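Commentary on secondary and tertiary structure
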Amino acid sequence: MKKLNNIVNFKFLLGFLLLYGLVAFCYSPVFSNGFLDSWDDQWMVMNIFTESGFRMENLIAVFTQSYKGQYSPLVELNYMVLYGLFGYDPFWFHLMSFVWHCGCATLLFFLIFRLLEMSGQSGSRRSLWVAALTTFLFAIHPVNVESIAWISAVKVPMYVFFYLSALLLYLRYVRSQKLGCYIAALCCFVCSCLSKEQAFVLPLSLLLVDWFIGRNLKSSDLWIEKMPFFILSAGFALLTLDLQGPRSEAVSYTAVQRLLFGSYSLFEYFTKSLLPINLNYLYPFPILPGNSDIPVRFYVYPVLVAGLFGVLYSFRKKRLLMFGSLFFVIHLLLSLHVVAMPRLGIVADRYLYLSLSGILLLVSYKIIDWVEKEQRVFPKFLLFLSMLFYILYFMGYTHHYSQQWEDTDTVKRYLRSFYKGDSREKDINGRENHD
């Protein structure tokens, strides 16, 4: 038995090393990229907090003050450590973003495997393959380039790392009922909130997980065990709003316009998850605040979104389909323009980083299911060939797109070439000059 376990552990280690190697190839251009010194790196990374080091007064300031509307103390600590060791050498900052990304991919594998196992949706063998394929697609997905290649976006893989850790520890608590696992999950939730405000939705994820693995949502004990998470979520939300100060820079659109933009954003995120094309670092709003002349095509998106939810409702008894879809939506709630936010873009690739895994889980499960059930050689060959092209497309696009993040000039030149001749070109140039 010990020898068998050693073989299994060796295969796992070999598999992860292969994964990291392929991901490193996809992101290899990033390691020679510089700072985006006119696109937030010049103040988010290079600031007084970073350069003041681990002095007590600086640490107190990091945890009690916001900086230009940002409150991410653990991210600032990440910058402080790197600056203290290597100065402003961009290689090490990019390498650390890559390490956080690999950490997220590793945690995602174990989370999906454990969820499928505890839910009874599939056997151990299928769960293993579904988790592996989902993790691989997540790790090489082109839409994640922004979160890795842009140093200021390291807060995304950082918050997701602690977020996934909290979910895994919560599952361990459910199985073992050990208080230590529960407390550790709370601590990871705190760390996730101290990295990025999108972590506030974790209590909703925990309820979704409870439903997926078959726990009784009517149980008072279940809701009592969630109360600390909800209290922390509300507390951090209020703290972040207070530290950010008045939201005078919020983009002001009417409720109807936000509905149209939110529907567009949700549909755009969904399509980017399945087939990423025309990725860019900025997707400008179609109109400026105060303008009511919205392009007609935007009125189609509420209908498309309603249709998607209608289809989802018709399959509501499919537990895995509901879980993956709701996981996707929950982690986009703060990015769908429900409330006015200080943003330049109508969508942003980095907001898909965690949500993406919900759609990829469904895609991976269906692919593995087809492979196991299909007995004919030719259809199975076509499926493998299609999957190979899909993976190669992801890897090639990620490698190519990573090159566009070399510096501020390259990302802006890439943006201008993409929108050349577009009606928004003048507005884009104006925003770039303002930045």
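Residues numbered from 1 in each chain as written. Predicted model: local features only at pLDDT ≥ 70, side-chain atom pairs only at ≥ 80, totals over all residues. Heavy atoms only, no water.

Remarks on the overall build of the protein chain
When helices and strands are tallied, the protein chain shows 19 helices and two strands. A globule of 435 residues ought to have a C-alpha radius of gyration of about 22 Å, and the protein chain, at 22 Å, matches this closely. Principal-axis analysis of the C-alpha atoms gives the protein chain an extent of 60 × 55 × 45 Å. Counting over 435 residues, the protein chain shows a buried share of 52%. In the protein chain, of all internal contacts separated by at least 6 residues, the share reaching a separation of at least 24 is 78%. As displayed, the protein chain offers around 20,400 Å² of accessible surface, 66% of which is attributable to carbon and sulfur atoms. In the protein chain, 37 side chains carry a positive charge and 29 a negative one; their mean positions are 13 Å apart. (Helix = DSSP H or I, 4+ residues; strand = E, 2+ residues; numbered from the N terminus. Rg over C-alpha atoms; globule rule 2.2 N^0.38 Å. Buried < 20%, exposed > 50% of the residue type's maximum accessible area, 1.4 Å probe, protein only. Contact = heavy atoms within 4.5 Å. Areas by Shrake-Rupley, 256 points an atom, 1.4 Å probe, with all protein chains shown as cover. Lys, Arg positive; Asp, Glu negative; His and termini not counted. Charge placed at Lys NZ, Arg CZ, Asp CG, Glu CD.)

Topic: the pattern of salt bridges
With the rule as written, the count across this model stands at 13 salt bridges. Where E57 meets R55, a salt bridge forms, and the shortest distance between an N and an O atom there is 2.4 Å. Between E225 and R215 there is a salt bridge; the shortest N-O distance is 2.6 Å. Of this pair, E225 sits in helix α12 (residues 220-244) while R215 sits in the loop between α11 (202-212) and α12, placing them ten residues apart in sequence. The network of salt bridges with common partners includes R126, D369, E372 and K373. (Salt bridge = Lys/Arg side-chain N within 4 Å of Asp/Glu carboxyl O.)

Examining empty space enclosed by the protein
Any empty space left between the atoms is revealed when a probe the size of a water molecule rolls over them. According to the stated counting rule, one finds four cavities of 30 Å³ or more in the structure shown. Approximately 180 Å³ is the volume found for the largest cavity. Lining the largest cavity are 15 residues, with M44, Y67, Q70, S72 and E76 positioned closest to its centre. Listed by contribution, the elements that provide at least two residues to the lining of the largest cavity are α2 (41-44) and α5 (73-86). The dominant element in the lining of the largest cavity, judged by the number of residues it contributes, is α5, at four residues. Around the second largest cavity, the lining residues are L108, L111, I112, L115, L116, F212, L320, F323, F327, S357, G358 and L361. For the lining of the second largest cavity, the secondary-structure elements that each account for two or more residues are α6 (90-119), α15 (319-330) and α16 (356-373). Here the element with the most residues in the lining of the second largest cavity is α6; it accounts for five residues. Tallied by class, the residues present in the lining of the second largest cavity amount to ten nonpolar, two polar and no charged. (1 Å grid on protein atoms, 1.4 Å probe; cavity = no way out; pocket = protein on both sides within 12 Å on 5 of 7 lines; lining within 4 Å. Points joined across faces, edges and corners; volume = space filled by probe spheres on them. Nonpolar A, V, L, I, M, F, W, Y, C, P; charged D, E, K, R; others polar.)

Examining the packing of aromatic side chains
Under the definition given, this model contains 43 aromatic pairs. Where W100 meets F162, the ring centres are 5.9 Å apart and the plane angle is 55°; that geometry is what we call tilted. Linking W100 in helix α6 with F162 in helix α9 (residues 155-176), this pair joins segments that are 62 residues apart in sequence. F162 shares its class with W100; the two are buried. With centroids separated by 5.1 Å and ring planes inclined at 70°, the aromatic side chains of F138 and Y353 adopt a geometry described as edge-to-face. Pair noted here: F138 is in helix α7 (residues 124-140) and Y353 is in the loop between β2 (345-347) and α16, with a separation of 215 residues, a long-range link. (Phe/Tyr/Trp six-rings, centres within 6.5 Å; stacked < 30°, edge-to-face > 60°.)

Some words on α6
The end-to-end C-alpha distance of α6, which contains 30 residues, comes to 43 Å, matching closely the 44 Å that a straight helix rising 1.5 Å per residue would cover. For α6, the buried fraction is high: 21 of the 30 residues fall into the buried class. Two residues or fewer past α6, G120 is found with a positive phi of approximately 75°. (Expected span 1.5 Å × (residues − 1).)

Digging into the side chain of S355
Examined against the element boundaries, S355 turns out to sit in the loop between β2 and α16. A relative accessible area of 0% means that S355 is categorised as buried. Within polar-contact distance, the side chain of S355 engages the backbone oxygen of F328 at 3.1 Å. (Polar contact = N/O pair within 3.5 Å; in protein donor to acceptor, adjacent residues only side chain to side chain.)

Focus on the layout of surface pockets
Of the voids in this model, the second largest pocket is the one considered here, and its volume is about 1,000 Å³. Around the second largest pocket, the lining comprises 26 residues; the ones closest to its centre are L128, W129, A132, L133 and F136. Of all the elements in the fold, those that place two or more residues in the lining of the second largest pocket are α1 (2-26), α7, α16 and α17 (377-403). With eight residues, the top contributor of residues to the lining of the second largest pocket is α1. For the lining of the second largest pocket, the per-class residue count stands at 21 nonpolar, two polar and three charged.

Some words on a nonpolar patch on the surface
Among the surface-exposed residues, F378, F381, L382, L385, L388, F389 and L392 lie close enough to one another that they form a single nonpolar patch of about 700 Å² accessible area. Within the secondary structure layout, F378 lies in helix α17. (Patch = residues over 30% accessible without salt bridge, like charges linked within 9 Å, V, L, I, M, F, W, Y side chains within 5 Å.)

Considering the nonpolar core
Grouped burial of nonpolar side chains is what soluble globular proteins tend to show. In terms of nonpolar packing, the biggest core is built from 136 residues, with L164, L167 and W405 touching the most fellow members. If we skip the residues at most four places from it in the chain, L167 touches L111, L202, S205, L206, V209 and F327. (Core = buried A, V, L, I, M, F, W, Y, C linked by side-chain atoms within 4.5 Å.)

Some thoughts on the packing of α15 against α16
One can describe the packing of α15 onto α16 by two numbers: an axis separation of 7 Å at closest approach and a directional angle of 155°. Considered as vectors, α15 and α16 are oriented roughly antiparallel to each other. Residue-level inspection shows L320, L321, F323, G324, S325, F327 and F328 of α15 in contact with α16, the latter providing S357, G358, I359, L361, L362 and Y365. Residue composition of the contact of α15 with α16, grouped by class: nine nonpolar, four polar and no charged. (Axes fitted to C-alpha atoms, helices over the stretch in contact; angles between N-to-C directions. Parallel < 35°, antiparallel > 145°, perpendicular 65-115°, else oblique.)

By themselves, these observations are geometric and do not establish any function.
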